[in-house]
Amino acid sequence: MQVVLAKWKLREVILMVVLAIVCGGLYRVWDVINALVPTTAYALQAAMTGFWMIAGVLVPYIIRRPLAALIAELVAAAVELLLGGQFGLGTMESGLIQGIGSEIAFLIFAYRMFNLSSCMLSGTLASLAYLVQWYFQYGGKSLDLGTMLLSIMISLVSGAILGGWLPKLMGDALKRTGAVRNYAIAKDGRAIPQ
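S.K.: Teacher, can you tell me more about the nonpolar core here?
M.R.: Grouped together as the largest cluster of nonpolar side chains are 33 residues, with contacts concentrated most on L15, M16, C23, Y27, V59, I62 and I63. Of all the secondary-structure elements, those providing two or more residues to this core are α2 (10–35), α4 (55–63) and α5 (68–82). In this structure, M53, A126, L131 and W134 belong to the second largest nonpolar core, which totals seven residues.

S.K.: Can you walk me through the pattern of salt bridges in this structure?
M.R.: Any two side chains of opposite charge can pair, given that their charged atoms come close. Scanning the model with the defined rule gives three salt bridges in all. Between D172 and K168 there is a salt bridge, with its nearest N and O atoms 2.6 Å apart. On the criterion of helical spacing, the pair formed by D172 and K168 is a turn pair, its members being four residues apart in helix α8 (residues 145–177). The pair formed by D172 and K168 is uniform in burial state, with each residue classed as buried.

S.K.: Looking at this model, I keep getting lost on the packing of helix α6 (residues 90–108) against helix α7 (residues 116–137). Mind explaining?
M.R.: How two helices pack is summed up by the angle between their axes together with the distance between the axes. Contact geometry of α6 with α7 gives a least axis separation of 7 Å together with a crossing angle of 145°. When you trace α6 past α7, the crossing you get is right-handed. Between α6, through G90, E93, S94, I97, Q98, G101, S102, I104, A105, F106 and I108, and α7, the contact on the second element is made entirely by S118, L121, S122, L125, A126, A129, Y130, Q133 and Q137. Among the residues making up the contact of α6 with α7, the classes are represented as ten nonpolar, nine polar and one charged.

Each value, and the rule that gives it
Position labels on residues start from 1 in each chain and follow its written sequence. Totals for whole chains, interfaces and linings use all residues, but because this is a predicted model, local features are given only for residues with pLDDT of at least 70 and pairs of side-chain atoms are given and counted only at 80 or more. As a rule here, side-chain values cover all heavy atoms of the structure and leave hydrogens and water aside. Buried residues of nine kinds, namely Ala, Val, Leu, Ile, Met, Phe, Trp, Tyr and Cys, make up a nonpolar core once their side-chain atoms join them within 4.5 Å. Classification of residues uses two cut-offs on accessible area relative to the type maximum, computed with a 1.4 Å probe and protein chains only: under 20% is buried, over 50% is exposed, and between them is partly exposed. Elements are defined by DSSP. Helices are runs of H or I of four residues or more, strands are runs of E of two residues or more, and each kind is numbered from the N terminus. A carboxyl oxygen of Asp or Glu within 4 Å of a side-chain nitrogen of Lys or Arg is what we treat as a salt bridge. Axis lines are fitted through C-alpha atoms, for helices just across the contact stretch, and the angle between N-to-C directions can take any value from 0 to 180 degrees. Handedness of a helix crossing follows the sense of rotation of the near helix relative to the far helix, less than a right angle counterclockwise being left-handed and clockwise being right-handed. In what follows, residue pairs with any heavy atoms lying within 4.5 Å of each other are defined as contacts. Under this grouping Gly is polar, as are all residues other than the nonpolar Ala, Val, Leu, Ile, Met, Phe, Trp, Tyr, Cys and Pro and the charged Asp, Glu, Lys and Arg.

Structure (structure tokens):
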């Protein structure tokens, strides 16, 4: 890990931390919104899942470094927890699990493909990884089979859309403003594939 991080530039570390802090704040707001949804509204709860995957896609999409997804999700989870996240230390477990899931997608492409497909796969795998925690820790295993399968499918779609497509749009928007012109996302020298 130390060897991988030694290749990072200081500005990449700073941007990663800033974006992860912002995402952690957004996650905390999402916690409040999520708490308003009845726990028996399984489909709606599942549809909200992908939002908690944003940091694990946004940060590596911009800086394009190994471990960016994992570290960003861990920092975002720590911020969410420090802001009073209702899930307690489960928040850090989620950050770790989701970060690993997200990281795997970029690893599959050897950190060379950063487009809509890789971002959506990253959000989906982060959601899939979280579903293991959901099943054992958050009551997924107590649901009847039909409700469980529906929740899983909706969570995966949510991971692809809210956790993959949305952060790609956010990264593209930042690129258009010029705010990330000194980062890997801007050095492609070509239009970002949609």
